[in-house]
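Listed below, chain by chain, are the residues.
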Amino acid sequence: MRAVLAAALLSVSPLPAAWAQEAGSEARRGLISVSGFLLFRNARGPLSYVSEAAPALGAETRPVFGRGCQHGLSIPITMAVRGPRIAAAAGRGGYEIALAKIREAHPGLKGLYDMKVDDHVISVLGIYHRVCTEINARGFS
Amino acid sequence: MKAAFLVAMAAALSGCGLLYTNVRLPRAYRSAAPSEVKGSSEDRIVHGEACNRSILYLIAWGDGGYAAATRAALKEEPNGLLYDVKADIHGTTILLGLYSRTCTVVTGKVAKP
């Protein structure tokens, strides 16, 4: 019983938290999480953004996509499974960079609506982590 | 042994794989409200589902984000606009998490964009 309880506590990580979010205006920290002694971090993650409502009928619309990524390393310094690690994280993975990329790819956009935001999480052997904020929306001009 | 068990249980509960993870998780969706679109009472109700899966606590994969779920919902009307959207999570776990599936399910009405 104690082991199960401990495992449940250990499982408190950014992944389950990502399932527990609500509407787009909610503020929820999206900073990358790397385990170990954090030697360095200079990362930006999403917090909140309220996009526009659907434009008036007749506006020209198109699908748009943009993303920004944070990267992290968590390197074991012993051979033990749960031994100490050193960690570092960096990158611009917030709304600002993802939206800037959309504006760069589609100059002349007036706004975005029907905005879906996902986190794309990649982790390899628990050593390399990448979390990207991906925006799929419709742009109008 | 106990440590390995704890790590495996933690991985099962968190939905990620110890060796490799490549998943998309829903973060936010600002869908249209009924007052923002010119909907009609004949607008169809559709639903779409997108899933992440993990097996043996080791590997997790899938595209369980909002974008994939709405794409699935609009597969018959790709130019439609979803409104009055309800988003749910559907989790399935078998044998203490040896296999688990977590899906984002969106249900809404389709209006012309």
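For clarity, every value in this text was computed on a predicted model and none was experimentally measured. (Residues numbered from 1 in each chain as written. Chains lettered and ligands numbered in written order. Predicted model: local features only at pLDDT ≥ 70, side-chain atom pairs only at ≥ 80, totals over all residues.)

Helix and strand counts for chain B stand at two helices and five strands. Split into buried and exposed, the 113 residues of chain B put 44% on the buried side. Counted over contacts in chain B with a minimum sequence separation of 6, partners at least 24 positions apart contribute 74%. (Helix = DSSP H or I, 4+ residues; strand = E, 2+ residues; numbered from the N terminus. Buried ≥ 20, exposed ≤ 12 C-beta atoms within 10 Å, placed from the backbone. Contact = placed C-beta atoms within 7 Å.)

Take the environment of Leu96 of chain B next. All names here are of chain B. Relative to the helices and strands, Leu96 is located in the loop between β4 (81–94) and β5 (99–111). Taking the number of C-beta atoms within 10 Å as the measure of exposure, Leu96 has 12 and is therefore exposed. Distance from Leu96 to Ala69, taken between C-alpha atoms, is 26 Å for residues 27 residues apart in sequence.

Scored by pLDDT, chain A has a mean of 81; 79% of the residues are at 70 or more. Every residue in residues 3–24 of chain A is under pLDDT 50, and counting partners more than four places away or in other chains gives 46 contacts. (pLDDT = per-residue confidence, 0-100.)

Attention now moves to unusual backbone geometry. At Asp114 of chain A, a position not held by glycine, the phi torsion is positive, near 50°. Asp114 of chain A sits in the buried class, given 27 other C-beta atoms within 10 Å. Here Asp84 of chain B, not a glycine, exhibits a phi torsion of approximately 50°, which is positive. Tracing the chain through its elements places Asp84 of chain B in strand β4.

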